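One letter stands for each residue in the lines below.
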Amino acid sequence: MDRASLLLLSISIFLDLTAADKIPDKLDLAAESGMIFPLSYSSLPPRVEDFRRRLHQSQLPNAHMKLYDDLLANGYYTTRLLIGTPPQEFALIVDTGSTVTYVPCSTCKHCGKHQDPKFQPELSSTYEAVKCNPDCNCDDDGKLCIYERRYAEMSSSSGILSEDLISFGNESQLSPQRAVFGCENAETGDLFSQRADGIMGLGRGKLSIVDQLVDKGVIEDSFSLCYGGMEVGGGAMVLGKISPPPAGMVFARSDPFRSPYYNIDLKQMHVAGKSLKLNPKVFNGKHGTVLDSGTTYAYFPKEAFNAIKDAVIKEIPSLKRIHGPDPNYDDICFSGAGRDVAEIHNFFPEIAMEFGNHQKLILSPENYLFRHTKVRGAYCLGIFPDRDSTTLLGGIVVRNTLVTYDRENDKLGFLKTNCSDLWRRLASPPDSPAPTSPVTQNKSSNNISPSPGPASSKSPAVDLPGVFRIGVITFEVSISVNNASMKPNFSEIADFIAHELEIQSSQVRLLSITTRGNEYRLKWGIYPPQSSEYISNNTALNIMSLLRENKLRLPGQFGSYKLLEWKAEQKRKQSWWEKHLLGVVGGVMISLLVTSVMVKLALVWRRRQEEEATYEPVSAAVKEQELQPLSSSETSNA
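These numbers were taken from a predicted model, which means no experiment stands behind them.

Scoring rules and cut-offs
- Residues numbered from 1 in each chain as written.
- Predicted model: local features only at pLDDT ≥ 70, side-chain atom pairs only at ≥ 80, totals over all residues.
- Heavy atoms only, no water.
- Phe/Tyr/Trp six-rings, centres within 6.5 Å; stacked < 30°, edge-to-face > 60°.
- Helix = DSSP H or I, 4+ residues; strand = E, 2+ residues; numbered from the N terminus.
- Buried < 20%, exposed > 50% of the residue type's maximum accessible area, 1.4 Å probe, protein only.
- Salt bridge = Lys/Arg side-chain N within 4 Å of Asp/Glu carboxyl O.
- Pairing = 2+ DSSP bridges.
- Expected span 1.5 Å × (residues − 1).
- Arc of directions from axis to C-beta.
- Disulfide = S-S within 2.5 Å.
- Axes fitted to C-alpha atoms, helices over the stretch in contact; angles between N-to-C directions.
- pLDDT = per-residue confidence, 0-100.
- Contact = heavy atoms within 4.5 Å.
- Core = buried A, V, L, I, M, F, W, Y, C linked by side-chain atoms within 4.5 Å.
- 1 Å grid on protein atoms, 1.4 Å probe; cavity = no way out; pocket = protein on both sides within 12 Å on 5 of 7 lines; lining within 4 Å.
- Points joined across faces, edges and corners; volume = space filled by probe spheres on them.
- Nonpolar A, V, L, I, M, F, W, Y, C, P; charged D, E, K, R; others polar.
- Patch = residues over 30% accessible without salt bridge, like charges linked within 9 Å, V, L, I, M, F, W, Y side chains within 5 Å.
- Areas by Shrake-Rupley, 256 points an atom, 1.4 Å probe, with all protein chains shown as cover.

Undergrad: I tried to follow the packing of aromatic side chains on my own but got confused; where do I start?
TA: We describe a pair of aromatic rings using the distance from one ring centre to the other and the angle between the two ring planes. Evaluation of the coordinates by the stated rule reveals 15 aromatic pairs. The interplanar angle of 85° and the centroid separation of 5.7 Å between the aromatic rings of F119 and F181 together place this pair among those described as edge-to-face. Highlighted residues: F119 in the loop between strand 4 (102-104) and strand 5 (128-129) and F181 in strand 8 (residues 177-188), separated in sequence by 62 residues. No difference in accessibility class separates F119 from F181, as the two residues are buried. Seen from their ring centres, F348 and Y379 are 6.3 Å apart, and the 80° between their planes marks the pair as edge-to-face. Separated by 31 residues along the polypeptide, F348 in the loop between strand 19 (333-335) and strand 20 (351-355) and Y379 in strand 23 (residues 378-381) bring together distant segments of the chain. Among the residues examined, Y379 registers a relative accessible area of 0% and is labelled buried.

See the structure below:
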């Protein structure tokens, strides 16, 4: 994804044709509840365990869902929402910078190809279009309410306002709620080309999902987001209040009258414990300092950016400055920090953000770096100069950080934690043992093997704690074509598989083909991208979850499809000798060759020296020698 598309999830410039999100309230009040949307998988430190107890002690029902996302690969996090009766499922970008939640509708004439089919209002028995009223802008016929949103990078979404049941999956303890959302009729720019279906608006405004649920008494006026770390992804989202706040949480004031976005009173930056001594006013221009879940990187006013950049560079003299992965951007990158993400803190300094109350949020290297995609062991700064005076903090800044948007008390809280584990622990009772993994590991081959075939959908969820390294995921499918004379287009199937699994087409390889009549048995392999040694944890978990739940879908044009079995193989961490064996052997061979040549040269030189000593010049004087007398026997014979 290019840098411009990442700005899709930045500060949105609204062209609001809905009269400031005013909507009629037709919904019945429900019991208060908190909703949890998991972003991925892992294991918790004690402080997160305490947070889980606090949430369960509130005795509010929770709704939790898996999220299929990767901050740097896709530029956003998504959650799965279901709309209508029966429910239709959609992958929506979690965006605190937007207010309207919208999905493409079947009537859309200019919508891109996204992850899921378009919403079909005619199939939902509970769907209603919002009728034209004094609280909204109406269409040309004066019958329906309409909306339009335009974003900073010139993408846009427009359509009609609709109302239907929104639910949060089969695991949700919260009953489906009627809510207003946008039914898209047109989209442009990155909204058209992105894989995600639409946007889940969590911003301030009455069309926001949060505001609607709060107004109906379903949740308290608070929500939290927790993004996973580098190379792992995942995390959790909680709609509702966490009471009391977890111990150790750092708070910053957020002024709803300062701007319509979630701002914080940032006053100073520190690098390696040293203050940059910036004028606090630099962080208070235009919209101030805004925290936006829809933005990927961090953007600072030029003065602050240069100060941070120079201070970081000063702390890493041993690293080499290199070009970035994309020649279209002047990224600031460094090599020599090693391939192990867990060790980058040994090379790069910590950065601290100081708030108006003098509390500090510590940013580890994973909160301001991203991995170079073309050079192993290289990392680039994930902070950039902003084109205006706004300080915009994207998801990279709060990786492995629980962020609580306490709207009721006008403050934002931050707590460093392991976000990849959070959703699973929140979903389980506070005193229950950690769930056992249904995935059996063959120690001799380092294989992770699930139950084969569709029956595997009955098995427990994939749960691999900690960081693991998947080298390849293989699976076999059976495709039955309608006409035996028609051969499937394997390269097209590979592209569809890559699209479904949200990976690059180059990572999908056809390993073997077996045919019998009109049935094709295909074995596919999913490999790491060219710049990596193994598949990232988040991507591997997403793929394994889709395969385990038999959710990989191919278009009907390929014929009937059936998943037979799949297997994930861990890539064993190589020892020093295994990694460098070829180099050592090559070095030994070269040494032997050089030694052999040197010995031969020495022998030749010695032989020449001996030959030169054997011959005398023709003109050289020869010493006379006496003739020896003949023996008596020789004399007598003579």
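Undergrad: Would you mind going over unusual backbone geometry with me for this structure?
TA: Excluding glycine, most residues fall at negative phi; most peptide bonds, likewise, are trans. Omega for the bond connecting T85 with P86 falls within 30 degrees of zero, at -5°, which places this linkage in the cis form. Among the structural elements, P86 can be located in the loop between strand 2 (78-83) and strand 3 (88-95). With a phi angle near 55°, A272 is a residue other than glycine that sits in the positive phi range. Looking at where A272 falls in the secondary structure, it is placed in the loop between strand 14 (266-271) and strand 15 (274-275).

Undergrad: Would you take a moment to explain the pattern of salt bridges for this structure?
TA: If the charged atoms of two oppositely charged side chains come close together, the side chains can form a pair. Tallying each qualifying case throughout the model produces eleven salt bridges. Ionic pairing is found between E163 and R178, a salt bridge with its closest N-O pair at 3.9 Å. Linking E163 in strand 7 (residues 156-167) with R178 in strand 8, this pair joins segments that are 15 residues apart in sequence. By relative accessible area, E163 is classed as buried at 5%. Given a relative accessible area of 21%, R178 falls into the partly exposed group. Linking E569 and K567 is a salt bridge whose minimum nitrogen-to-oxygen distance equals 3.7 Å. Of the residues examined, E569 reaches a relative accessible area of 25% and is grouped as partly exposed. Among the residues examined, K567 registers a relative accessible area of 27% and is labelled partly exposed.

Undergrad: When you look at the sheet that holds strand 17 (residues 298-300) in this model, what are you seeing that I'm missing?
TA: Note: strands within a sheet are paired through backbone hydrogen bonds, in either parallel or antiparallel orientation. Strands sit in the order 13-16-25-17-24 across an open sheet of five strands; the sheet is mixed. The open sheet has two free edges, formed respectively by strand 13 (263-264) and strand 24 (383-385), since each of these has just one partner strand. As defined by bridge partners, strand 13 adjoins strand 16 (residues 289-291) across two bridges and the pair is classed as antiparallel. Bridging from a neighbouring strand, I264 pairs with T289 of strand 16.

Undergrad: Looking at this structure, I do not really get helix 6 (residues 302-315). What am I missing?
TA: The terminal C-alpha atoms of helix 6, which comprises 14 residues, lie 20 Å apart, in line with the 20 Å expected from a rise of 1.5 Å per residue. Of all the residues in helix 6, the buried ones are A304, F305, I308, K309, A311 and V312. Buried residues in helix 6, looked at end-on, bunch into an arc of 165°, giving them a common side. The exposed set on the far side of helix 6, more than 90 degrees from its buried face, consists of K302 and K314.

Undergrad: Is there a simple way to think about the state of the cysteines in this case?
TA: As used here, a disulfide is simply a covalent bond connecting the sulfur atoms of two cysteines. With the rule as written, the count across this model stands at five disulfides. Each sulfur in the disulfide pair C105 and C183 lies 1.5 Å from the other. Looking down the S-S bond of the C105 and C183 bridge, the torsion is -120°, so its handedness is left-handed. Taken as a pair, C105 in the loop between strand 4 and strand 5 and C183 in strand 8 lie far apart in primary sequence, 78 residues in all. The two residues C105 and C183 agree in class, both being buried.

Undergrad: How should I be thinking about the pairing of strand 3 in this particular structure?
TA: Note on strand geometry: in a regular strand, side chains alternate between the two faces of the sheet. Taking burial as the measure, the eight residues of strand 3 include seven buried ones, the bulk of the element. Summarising the sheet, strand 2 and strand 3 pair through six bridges and their orientation is antiparallel. By the bridge assignment for strand 3, I83 is matched with Q88. Connecting strand 2 to the antiparallel partner strand 3 that follows it, the hairpin turn spans four residues, and G84 within it adopts a positive phi of roughly 100°. Sheet topology note: the strand 3/strand 9 (residues 198-201) ladder contains four bridges and is parallel. Considered in strand 9, the bridge of I93 is made with I199.

Undergrad: What is the right way to look at the sheet that holds strand 22 (residues 369-371) in this model?
TA: One open sheet holds the four strands; their spatial order is 18-19-23-22, and the pairing between them is antiparallel. Edge strands, defined here as strands with exactly one partner in the open sheet, are strand 18 (320-322) and strand 22. The average undirected angle you get between the axes of adjacent strands in this sheet is 35°. Of the strand pairs in this sheet, strand 19 and strand 23 are connected by three bridges, and their pairing is antiparallel.

Undergrad: What is the right way to look at the confidence of the model for the protein chain in this model?
TA: Residues at a pLDDT of 70 or more form 73% of the protein chain, whose mean pLDDT is 78. Predicted confidence for residues 1-53 stays below pLDDT 50, and this span has 231 contacts to residues more than four positions away or in other chains. Of the regions scoring below 50 in pLDDT, residues 429-467 engages in 69 contacts with residues more than four places distant in sequence or in other chains.

Undergrad: Whenever I open this one, the nonpolar core confuses me. Can you help?
TA: For soluble globular proteins, the rule of thumb is that nonpolar side chains tend to be buried together. Residues F300, F348 and F414 are the most contacted members of the largest nonpolar core, which totals 87 residues. Ranked by residues supplied to this core, first place goes to helix 6 with five residues. Look past the residues within four positions of F348 in its chain and what remains in contact with it is I316, L319, F334, A337, P365, Y368, L369 and Y379. One finds F475, V481, F490 and V508 within the second-largest nonpolar core, a separate group that totals 31 residues.

Undergrad: Sorry if this is basic, but what is going on with empty space enclosed by the protein here?
TA: One way to see where empty space is left: roll a probe the size of a water molecule over the atoms. Per the counting criterion, the structure on display carries four cavities of 30 Å³ or more. Approximately 60 Å³ is the volume found for the largest cavity. Forming the boundary of the largest cavity are L225, C226, Y227, L291, D292, S293, G394, G395, V398, T401, V403 and Y405. In terms of residue class, the lining of the largest cavity is made up of seven nonpolar, four polar and one charged.

Undergrad: Hey, could you run me through a nonpolar patch on the surface in this one?
TA: On the surface, I590, L593, V594, V597, M598 and L601 cluster together into a nonpolar patch covering about 600 Å² of accessible area. Along the chain, the position of L593 falls in helix 10 (residues 576-614).

Undergrad: When you look at the environment of P176 in this model, what are you seeing that I'm missing?
TA: Topologically, P176 is positioned in the loop between strand 7 and strand 8. As for P176 and G84, which are separated by 92 residues in sequence, their C-alpha atoms are 9.5 Å apart. Not counting the four nearest positions on each side in its chain, P176 is found in contact with L165, I166 and S167.

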